[in-house]
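For reference, the chains in residue letters:
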Amino acid sequence: MSQLRQLSHTGPSVCVKFHGKYVLAGYGVFVHVYNYESGELVSISRVFHRNKVHGLAIREKSVLLYGGRSVSLLDIDYLWGNADNTRFEKLCHEWVVSGEHSMDGSSVFLLTSYNKVLCCDLSFRVLQTKAVYGERSILYSGTITVLNQDKVLVNAGTVMDGVLVWDLKTEKTIHHFTDHEGSIFYVAASIKGRYAASCSDDRSIKLWDLHSGHLVSTGWGHTARIWNLKFYDNDSKLISVSEDCTCRVWEISERGTLIQKSIHELHQTKSIWGVDVNDEKMIAVTSGNDGRIKITDLNARTKSDSDSRIFSLDDISKHGVKLRPNEIIKGFYWLRFGLLAMTSEGQVLKFDQKAEMWTSVMTDSRFTSYSATSGVQEFDMVIFSNSRCELLILKFSEDGNEILENKQLQINELTKSTNCLVRGYNSKLFLVMESPNPKDPFFCLRMDASNLQHEERLYFKKPKNFTASSFAFYENFAIFGSRFSTLAIFDLENCEREATVLRKILPGDTITSIDFVEKNSESDCLFSVSDRDGFYCFISINFLKRSHKVLLQNRIPKGFLEGAHYNAQGDFITYGFKSNLFYVFNETKQYEVFSELCGGAHRQWRYLPNFGLDEFIFIYIKASSINFRKIHKAAYPEILRNGLHGREIRDLCVRTEPLHLGKTVFCSASEDTTIKLNVLNVKDGETKTVWTFRKHTSGLQRCKFINNKFMISSAAREELYLWELTDTFMSNPYMTIICALPSSSEIPDLRIMDFACKAIEGTEDFILTTVYSDSAIKVWLYSSDENTFKLLISDKYQTCCLLNVALVTLDTELILVVSPTDGHLVCWNLTKYIPYVIQNNKLVKVLEGFQPQIHLPDISERIAVHSAGIKSFEFKIIAENRFFVYTGGDDNAVAISEFVLDKSHKTIQGCVRSFISAGAASTITSVKLIRRDMTLLTASVDQVVRYYDVSAGDLVLKNKFYTTNADTGCIDTLSSATGSIALIGGVGFSVWTLE
Amino acid sequence: MGKSSKDKRDLYYRKAKEEGYRARSAFKLLQLDEQFHFLDNVTRVVDLCAAPGSWSQVLSRRLFDDDTENNSSKRIVAVDLQPMFPIDNVTTIQADITHPKTLNKIMDLFEGEKADFVCSDGAPDVTGLHDLDEYVQQQLILSALQLTTCLLREGGVFVAKIFRGRDIDMLYSQLSFLFERVVCAKPRSSRGTSLESFIVCLGYRPPSDWKPRLDVNMSVEDFFQGCDIGRLTIDDEIPNYREEPRSIAEFISCGGLDSFDSDATYHDVPENTTALDPVQPPTNPPYKRALELKRQGKLTRAV
């Protein structure tokens, strides 16, 4: 018999713990062991049958695991050695909130949700049950503090009654803290026993003095519920993690005041559940609902003194630099040896980072008051310009001690300049000056970078409404970015030639960066482009053919985007500002790499590479002081496991053909409103997200690849998008929206529940049908030439919501099948309602003399199948006049219905062939035919995947498997050489193989 | 239930306000009763976890307005930990449903007679940890059930809100030890997209050798230890993992297909209708202070 075997699982992780150079993570029913130094996943061991691991306690070689009502005690080596440790699992009668070893290791304490402690020996014989008499609170949380062999404190976080601290031995309440509002989600005791900290539904952290029993302070900051707390650094600090996906560090002052010191945005919407700190390395590990295990440097990538410097003008003058009373820094640039800055008095200052010295290099009065500063790091060069088109170029020795070249220039070709852009390319220095007069051309100076000789002067005619904001060179072309998201491409060999102007390539305004990515075999050059309003795109430009195409367009979650580029690992990195915060974000893996508070508007800043792999520097002026902030390569792998979505996955779709590089891609659509494009390794089920698309504004309903090129996604607010996938570049697959379905009103509030497509042979056109929450049914024709959806039919079923739709071709007929929330299957014959001729189940050619009709014909057949909504269906054509529909419903039932078209093609007759009322203990959310339609897989909220043999036209249950994904909602499958691969989504994601 | 534009999108929401119900959930009980008629000819009923009180409102109207015979002997008791605004013909008690004193109070009000019907529409706040949320919800149902076993007459009816999650079949199995028929019912007014359903337990038949007794020092688990409903018991050792009894209850969709579909978008609410005033003022959430601080701009990333 066929066996389903789980290849991989990604899902919520509730607990994490450091142990030597390892991190142990409770990961669903598994414990993962990671080496956090190398990032390697050392082992995966299943410890429970069904329950998630919620916590673990380690004492020497003994590991106590608990989760739900399950507990297990095992030798730590077993987690490395055995993939299956479920034989040690014990089942308690109450939920185990927390567990600890006794001081001498001879017993364990289990705190249950009824505020009782079971004291057990190492084979879980209950020696004693302890509780406070008359106390009957239910607990959401709790911890056990083992002070010594006799003194054990229970810190209980109740649902309704605050925090109770009680003595295990005497069974007496020591403290009852009632200052919180709402349920207590965590209580932690400090290491030395002076404090306890708790957090609750009120979103605050409270620090309690365990000696006096007083509330010492309250920490506000988290914007949602807080789930976990931990004292560290000798009780001087507290770390908190929250539903708001941040981890915050709080300093505890001498007097016990909680002061928020740093905030790290680490996980995806929503909830970080677990946290632990390695005191020695000052790193934290967190785990979240998104299945991510994240390492964070608590010293914010080792913020030592030399990495973070502030110099006021007073400080600088103490180095012997003479500054006038009102002299301020106007611009700066970072080179290998340190900083160069221009003051408002035309004074050039140098900061030597080795010597930690400021010196005055020279004064050039031409740059008094107005100046612009830029430079080229690889040439050790800094360039100053003013509005009168005067330039000063200084080339330094590597150590900065000598000025190798000092060139002063006056550009007579322009009368005034407001903009000077500088780039180095192929040992040439490019300087572009722009005049405020829109009729003036761009003036470009090209010279040898080594000696600043062999000047060439080039002019480019400026396109209309163009103000350069960024530029890039590639081969013989210069690409300028402007306001209005416009690009202009100039041919350096042929400056007279008009620029190729690409207007409005992004929804935002000013283009902030243009970066070359790669050139493919077709000579298409790929560039990444960002705009300040938070959008970025990848654009493929063929300079020879003068053609271009946007392959991907996306936006960052919030804030302004100042630049974006791929890093050495192939992750796409964005940076910019969120109000008064500068951030660097890993867009591929979706986490904040770095952030720094740097003040609000009119900021002067530079974010530049700092001469080393993944080394950067952020320089800014705040309150007229200059700040340097070095950002080092992370000391440890930042991500141990990246996870997928932090909320329910609503739909999954795999592209049936692998990409040209052999990779399999699939899309996941989630309640979190994003669609992710992921690469799947079909051998081990490992998944890597490539892009997270933020185009939808509401929870997703469906996503489907309609062929290898196109994917369609739908959501609430009548959002339906047609996406095109490109796989002709090595760096990544790219995907972008090429067309949006028109909505029926200006403020769309309908949900597009499902859609179906039928290709028109020999074209990229297709018929699309959409069903809506107001019972509407629409049929559209997509024309690839016009890139439009044209409405063919618009009608309604009744008033109830429609859940699923299919288009079935039977020989020469086209049947529309719909399932509403009323549990029926409803058919219409659409053959005469679409402008195509159908032959052999295919839409082949245009129907001559077609008369469009906006309304649907009468219903051909309507049969009751389920007693509640049909959540998912699949169909199979049995003969040229017959098809089956496989359904799973909210009524827990699974069914096969049969529809037969009579010979005259006038009527359709349907009946239920096979019906299992108790097909699952809960809603059946997905049904999927696999193995040449011989087998039906069903997924349901009871977390069981069932496997039916349907080869004889009825349902024969063959097997069932437990899935670790809660709220199981969708399946997609892929045929492989050895069998089938099934992708299962819910809260979490797993890949199964059917052998 | 506030004053909001949800009026246009959610027909039950608007209908509840029009008919003076404190929450749209009133229609869930009405539709369940339409199917099962469990409120026909009942005299003593208990509404547990009753706040804000829409089910008590339904009970009041069904018992007293629809059938005015024998009104003097009819009793409705609503229990909740939260305070409730008064409802005609309903005695509200602010108390813990697990406490023996609460049982005594109800029995006093019933003058020693047992109840015909007990319901609970209670649900705890969800954390997002599905297993924990389901466990807490089931404990709430069992808490309601333990009180129910102390005051429901034989043949009586128990109705409670459930979420059909991973372990719902264990609860079905346990309830089937105490009732003749256990049905999982989904009213049309409960969204199809939600896991919410209602367990309708008909014909209470407790084991003859078991006398339920509430004790302040016993957990819900302890309470059912003497009554074999298939729950795990522990004596002196925590047992090995084993599969626990599970069964799938009969599913009935109720409310009729002609009633409104809570998943549908309706257009027949006039565009310019003003939102109706709420029936009851909003409650204070525990995070009220945090919201105030946020509004004042004090919860920013500036540290």
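Residues numbered from 1 in each chain as written. Chains lettered and ligands numbered in written order. Predicted model: local features only at pLDDT ≥ 70, side-chain atom pairs only at ≥ 80, totals over all residues.

Asker: Explain the overall build of chain A to me, using residue names and the numbers behind them.
Answerer: Counting its regular elements, chain A contains 2 helices and 85 strands. Compactness check: chain A gives a C-alpha radius of gyration of 33 Å against a globular reference of 30 Å for 995 residues, within 12% of the reference. With the C-alpha coordinates aligned to their principal axes, the bounding extent of chain A is approximately 95 × 90 × 45 Å. A total of 995 residues make up chain A; the buried ones form 53% of that total. Within chain A, counting contacts between residues at least 6 apart in sequence, those at least 24 apart form 46% of the total. (Helix = DSSP H or I, 4+ residues; strand = E, 2+ residues; numbered from the N terminus. Rg over C-alpha atoms; globule rule 2.2 N^0.38 Å. Buried ≥ 20, exposed ≤ 12 C-beta atoms within 10 Å, placed from the backbone. Contact = placed C-beta atoms within 7 Å.)

Asker: Provide a residue-level description of the UniProt feature "domain: Ribosomal RNA methyltransferase FtsJ" (unreviewed entry) in chain B, including the pertinent values.
Answerer: On the UniProt side, "domain: Ribosomal RNA methyltransferase FtsJ" (unreviewed entry) is annotated at positions that read residues 21-204 of chain B here. Taken end to end, residues 21-204 of chain B is 34% helix and 28% strand, and its first and last C-alpha atoms sit 30 Å apart. (UniProt positions renumbered as here; feature names shortened; annotations may be inferred.)

Asker: So what's going on with the interface of chain A and chain B? Residues and values would help.
Answerer: Contact with chain A, which involves 70 residues of that partner, is made by 55 residues of chain B. Of all the elements in the fold, those that place two or more residues in the side of chain A that touches chain B are strand E8 (70-75), strand E9 (90-91), strand E25 (258-265) and strand E84 (966-976) of chain A. Of the residues belonging to the side of chain A that touches chain B, the class tally is 25 nonpolar, 27 polar and 18 charged. (Nonpolar A, V, L, I, M, F, W, Y, C, P; charged D, E, K, R; others polar.)

Asker: Residues and numbers for the domain arrangement of chain A, please.
Answerer: One widely used convention gives an interface's size as the accessible area the parts lose upon coming together. Domain annotation of chain A identifies domain 1 (12-297), domain 2 (328-460), domain 3 (648-745) and domain 4 (751-873). Taken over C-alpha atoms, the centre of domain 1 of chain A sits 38 Å from the centre of domain 3 of chain A. (Domains from an automatic or database assignment.)

Asker: Talk me through the nonpolar core; I want residue IDs and the actual numbers.
Answerer: Counting 378 residues, the largest nonpolar core has Val23, Leu110, Leu431, Leu802 and Val817 of chain A together with Leu48 of chain B as the members making the most contacts within it. With 11 residues, helix H6 (residues 130-151) of chain B is the largest single contributor of residues to this core. (Core = buried A, V, L, I, M, F, W, Y, C linked by C-beta atoms within 7 Å.)

Asker: Could you give me a rundown of the packing of helix H3 (residues 26-36) of chain B against helix H4 (residues 54-65) of chain B, with the residues and numbers involved?
Answerer: Residue and element names in this part refer to chain B. One way to put it is that H3 packs onto H4 with a least axis distance of 8 Å and a crossing angle of 45 degrees. Here H3 lies oblique to H4, going by the angle between them. Of the two possible hands of crossing, H3 and H4 adopt the one that is right-handed. Here Ala26, Leu29, Leu30 and Asp33 of H3 lie close against H4, whose contacting residues are Ser54, Trp55, Gln57, Val58 and Arg62. (Axes fitted to C-alpha atoms, helices over the stretch in contact; angles between N-to-C directions. Parallel < 35°, antiparallel > 145°, perpendicular 65-115°, else oblique. Left-handed = near helix turned anticlockwise from the far one by under 90°.)

Asker: Provide a residue-level description of the UniProt feature "binding site: S-adenosyl-L-methionine" (unreviewed entry) in chain B, including the pertinent values.
Answerer: All names here are of chain B. Following the UniProt record, one finds the feature "binding site: S-adenosyl-L-methionine" (unreviewed entry) at Gly53, Trp55, Asp80, Asp96 and Asp121. Mapped onto the fold, Asp80 is located in strand E2 (residues 75-80). Apart from residues no more than four positions distant in its own chain, Asp80 is found in contact with Cys49, Ala50, Ala51 and Gln94. Along the polypeptide, Asp96 turns up in the loop between strand E3 (90-94) and helix H5 (100-109). Here Asp96 falls in the partly exposed class, since 18 other C-beta atoms lie within 10 Å of it. Among residues more than four places away in sequence, those in contact with Asp96 are Leu81 and Thr102.

Asker: How would you sum up H6 of chain B? Please name residues and give values.
Answerer: Given a rise of 1.5 Å per residue, 22 residues ought to cover 32 Å, and the 32 Å separating the end C-alpha atoms of H6 of chain B matches this to within 8%. Most of H6 of chain B sits out of view: 21 of its 22 residues are buried. (Expected span 1.5 Å × (residues − 1).)

Asker: Requested: an account of the environment of Ile767 of chain A, with residues and values cited.
Answerer: Residue and element names in this part refer to chain A. Looking at where Ile767 falls in the secondary structure, it is placed in strand E67 (residues 766-772). A count of 22 C-beta atoms within 10 Å places Ile767 in the buried class. Sequence separation between Ile767 and Glu786 is 19 residues; the distance between their C-alpha atoms is 14 Å.

Asker: With reference to specific residues and values, describe the sheet that holds strand E4 (residues 30-35) of chain A.
Answerer: Residue and element names in this part refer to chain A. With antiparallel pairing, the 4 strands of this open sheet are ordered in space as E2-E3-E4-E5. Looking at the sheet topology across the chains shown, the edges are occupied by strand E2 (15-19) and strand E5 (41-46). Between one strand and the next, the sheet's axes are offset by a mean angle of 20 degrees, whatever the strand orientation. Bridging between strand E3 (residues 22-27) and E4 involves 6 bridges; their strand directions are antiparallel. Residue Tyr22 lies in a different strand from E4, and its bridge partner there is Asn35. (Pairing = 2+ DSSP bridges.)

Asker: Give a description of the confidence of the model for chain B that names residues and reports values.
Answerer: Per-chain confidence: chain B averages 87 in pLDDT, with 88% of residues scoring 70 or above. Scored by ipTM, the complex comes to 0.93, with pTM at 0.94. (pLDDT = per-residue confidence, 0-100.)

Asker: Please give an account of the sheet that holds E2 of chain B that cites residues and values.
Answerer: Residues and elements named next belong to chain B. One open sheet holds the 8 strands; their spatial order is E3-E2-E1-E4-E5-E7-E6-E8, and the pairing between them is mixed. The open sheet has two free edges, formed respectively by E3 and strand E8 (250-254), since each of these has just one partner strand. Neighbour-to-neighbour, the strand axes of the sheet open up by a mean angle of 20 degrees, direction not taken into account. Relative to strand E7 (residues 196-204), strand E6 (residues 179-187) runs antiparallel, the two sharing 6 bridges. Residue Val183 lies in a different strand from E7, and its bridge partner there is Val200. Here H6 sits on the sheet in contact with strand E1 (44-48), strand E4 (115-120) and strand E5 (152-163), set at roughly 165 degrees to E5.

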